[in-house]
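Structural characterization, general
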Amino acid sequence: MSHSGLGKSTLVNTLFKSQVSRRSAGWARDEKIPKTVEIKAVSHVIEEGGVKMKLTVVDTPGFGDQINNDNCWEPISKYINEQYEKFLKEEVNITRKKRIPDTRMHCCLYFISPTGHSLRQLDLEFMKRLSHSVNIIPVIAKADTMTIEERQEFKQRVRKELEMSGIEFYPQKEFDEDMEDKSDNDKIREAMPFAVVGSDKEYQVNGKRVLGRKTAWGIVEVENPNHCEFAQLRDFLIRSHLQDLKEVTHNIHYETYRAKRLNENGGLHPISSNDTQESNL
């Protein structure tokens, strides 16, 4: 999520390029994508290492563009809590399913504008509000607008500002399970926020077709780790940490919501609903 113009939809399409592409959604390659105006969930099956996974991507409208941005996080916060509520109502059913349909949000990619300056107060407020109910993964969008040195300085500044504001992004330090886990996650935390570039256009580079962005000085290759950190983000999200994202969501964020709801409600009346098992980003 981000304010408009940071390329959320494009990056999501790039992350899952063979599944969540503009073309598959019915747009021509060069046609302008309609601006996201509502929270929209799209499910796709992706394959990683021969294993098929159902993945649901929820694209949010741009926010922070209005004159008055008070409480602009509320629709997104409401959506996240609605998914916990659906799961909870299934869980307290007397005749509950063996496998409860899971539409809970397992992580939130938060897009930061590549200004090189301080984070906007709105960004800090937004992340602070949402970090209690979802795993926040901050990313620096359109990172090709910065030099490598600017990028590194900006990353350090962002991490410091998040720390000073008491905002814990994923992977949260207190959920590291052992020293090996802590060591691995410390390296990831020091590399965050990932500086990424999204594109679903292909160009010919050294005889190969690559995803990239054409600039006056050459092609920025999206999947080239020397150009940006898109590949690291994708590996982190889909390979190394997908299961942990789901576990932290279930054991921490959902449990917090569940305890609060059951305490305030004195229990829930059983009801039923029908959805499908999935991972949600």
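Residues numbered from 1 in each chain as written. Predicted model: local features only at pLDDT ≥ 70, side-chain atom pairs only at ≥ 80, totals over all residues. Heavy atoms only, no water.

Just so we agree on the cut-off: UniProt positions are given in the numbering used here, feature names are shortened, and annotations may be inferred rather than shown by experiment.
As named in an unreviewed UniProt entry, the protein is Septin 3, taken from Amphiprion percula. Under the heading Subcellular location (unreviewed entry), UniProt records this for the protein: "Cytoplasm".

1. Regarding the overall build of the protein
What counts, and what does not: Here a strand is any run of E in DSSP of at least two residues, a helix any run of H or I of at least four, and the numbering for each starts at the N terminus. The buried label applies to any residue whose accessible area, calculated with a 1.4 Å probe on protein chains only, is under 20% of its type's maximum; exposed applies above 50%, and partly exposed to all values in between. We call two residues in contact whenever any of their non-hydrogen atoms come within 4.5 Å of each other. Areas reported here follow the Shrake-Rupley algorithm with a probe of radius 1.4 Å; residue values treat only the protein chains shown as occluding.
The helix and strand inventory of the protein stands at 7 helices and 9 strands. Residue burial in the protein is summarised as follows: out of 281 residues, 48% are buried. Restricting to contacts in the protein with at least 6 residues of sequence separation, those with at least 24 account for 71%. As displayed, the protein offers around 15,100 Å² of accessible surface, 49% of which is attributable to carbon and sulfur atoms.

2. Digging into helix α4 (residues 148-164)
Note the threshold: In this analysis, the expected span of each helix is defined as 1.5 Å times one less than the number of residues it contains. To be clear, the arc concerns the directions from the helix axis to the C-beta atoms.
The terminal C-alpha atoms of α4, which comprises 17 residues, lie 24 Å apart, in line with the 24 Å expected from a rise of 1.5 Å per residue. If you check which residues of α4 are buried, you get Arg151, Phe154, Lys155, Val158, Glu161 and Leu162. For α4, the buried positions fall inside an angular range of 135 degrees around the axis, keeping them on one side. Projecting away from the buried face of α4 at angles above 90 degrees are the exposed residues Glu149, Glu153, Lys160, Glu163 and Met164. Of the residues one or two after α4, Gly166 is the one with positive phi, at around 70 degrees.

3. Quick notes on helix α2 (residues 74-91)
Each α-helix turn comprises 3.6 residues. Residues three or four places apart therefore point the same way. Relative to the 26 Å expected for 18 residues at 1.5 Å per residue, α2 spans 25 Å between its end C-alpha atoms, a close match to the ideal helical length. Within the sequence span of α2, burial applies to Ile76, Ser77, Ile80, Gln83, Tyr84, Glu85, Phe87, Leu88, Glu90 and Glu91.

4. Notes on the sheet that holds strand β8 (residues 218-221)
Just so we agree on the cut-off: At least two bridges found by DSSP between two strands is the condition for calling them paired. Axis lines are fitted to C-alpha atoms, over the contacting stretch for helices. Their N-to-C directions set the angle, which ranges from 0 to 180 degrees.
Taking strand neighbours across the sheet as the criterion, the 3 strands line up as β6-β7-β8 in an open arrangement whose pairing is antiparallel. The open sheet terminates on both sides in strands that have one partner only, identified here as β6 (202-205) and β8. Neighbour-to-neighbour, the strand axes of the sheet open up by a mean angle of 70 degrees, direction not taken into account. In terms of strand pairing, β6 meets strand β7 (residues 208-215) through 4 bridges, oriented antiparallel. Note that in β7 the partner of Glu202 across the bridge is Leu211.

5. Looking at the packing of aromatic side chains
Rules: Two rings from Phe, Tyr or Trp (for Trp, the six-membered ring) form a pair when their centres are within 6.5 Å of each other. A pair whose planes differ by under 30 degrees is stacked, one over 60 is edge-to-face, and the rest are tilted. To sit over a ring, a charge needs its Lys NZ or Arg CZ within 6 Å of the ring centre and within 35 degrees of the ring normal.
Evaluated as defined, the whole model comprises 7 aromatic pairs. Ring centres 6.0 Å apart and planes at 50 degrees place the aromatic pair Tyr84 and Tyr254 in the tilted group. Of the two residues, Tyr84 sits in helix α2 while Tyr254 sits in helix α7 (residues 242-265), which places them 170 residues apart along the sequence. Owing to a relative accessible area of 1%, Tyr84 belongs among the buried residues under this scheme. Joined through ring pairs, the aromatic side chains of Tyr84, Phe87, Tyr254 and Tyr257 make up one cluster. When the ring centre of Phe87 is taken as origin, the NZ or CZ atom of Arg104, which lies over that ring, is 3.7 Å away. A cation over an aromatic ring shows up here: Arg104 above the ring of Tyr254, its NZ or CZ 4.9 Å from the ring centre.

6. Here we look at the side chain of Arg151
Quick reminder of the rule: In this count, Lys and Arg are taken as positive residues and Asp and Glu as negative ones, while His and the chain termini are left out. Salt bridges, as used here, are contacts in which a Lys or Arg side-chain nitrogen is within 4 Å of a carboxyl oxygen on Asp or Glu. Polar contacts here mean pairs of N or O atoms no more than 3.5 Å apart (in protein, one a potential hydrogen donor and the other a potential acceptor; neighbouring residues in sequence count only if both atoms are side-chain atoms).
For Arg151, the position within the fold is in helix α4. With no salt bridge to any partner, buried Arg151 finds its closest opposite charge in Glu229, at an N-O distance of 5.4 Å. Side-chain polar atoms of Arg151 contact the backbone oxygen of His227, separated by 3.1 Å. Setting aside its immediate chain neighbours within four residues, Arg151 contacts Ala143, Met146, Ala195, His227 and Cys228.

7. Structural notes on the confidence of the model for the protein
Defined as follows: Values of pLDDT, ranging from 0 to 100, describe the predictor's confidence in every residue of the model.
In the predicted model, the protein carries a mean pLDDT of 83, and the fraction of residues at 70 or more is 82%. In this model, residues 18-33 is a region of pLDDT below 50 whose contacts with residues beyond four sequence positions or in other chains number 21 contacts. Per-residue pLDDT stays below 50 along residues 270-277; that stretch engages in 22 contacts with residues further than four places along the chain or on separate chains.

8. A word on the pairing of strand β2 (residues 51-59)
Judged from the 9 bridges that link them, strand β1 (residues 40-48) and β2 form a sheet pairing that is antiparallel. Each residue of the ladder has a partner; that of Ser43, found in β2, is Thr56.

9. Considerations on the pattern of salt bridges
All told, the structure shown has 17 salt bridges when counted by the stated rule. As a salt-bridge pair, Lys182 and Asp186 come within 2.7 Å of each other at their nearest N and O atoms. Here Lys182 and its partner Asp186 are both found in helix α5 (residues 179-191), 4 residues apart, which amounts to about one turn of the helix. The salt bridge involving Arg261 is made with Glu264; its shortest N-O contact spans 3.3 Å. Here Arg261 and its partner Glu264 are both found in helix α7, 3 residues apart, which amounts to about one turn of the helix. A relative accessible area of 14% means that Arg261 is categorised as buried. In this structure, a network of salt bridges that share partners links the residues Glu85, Lys89, Lys260, Arg261 and Glu264.

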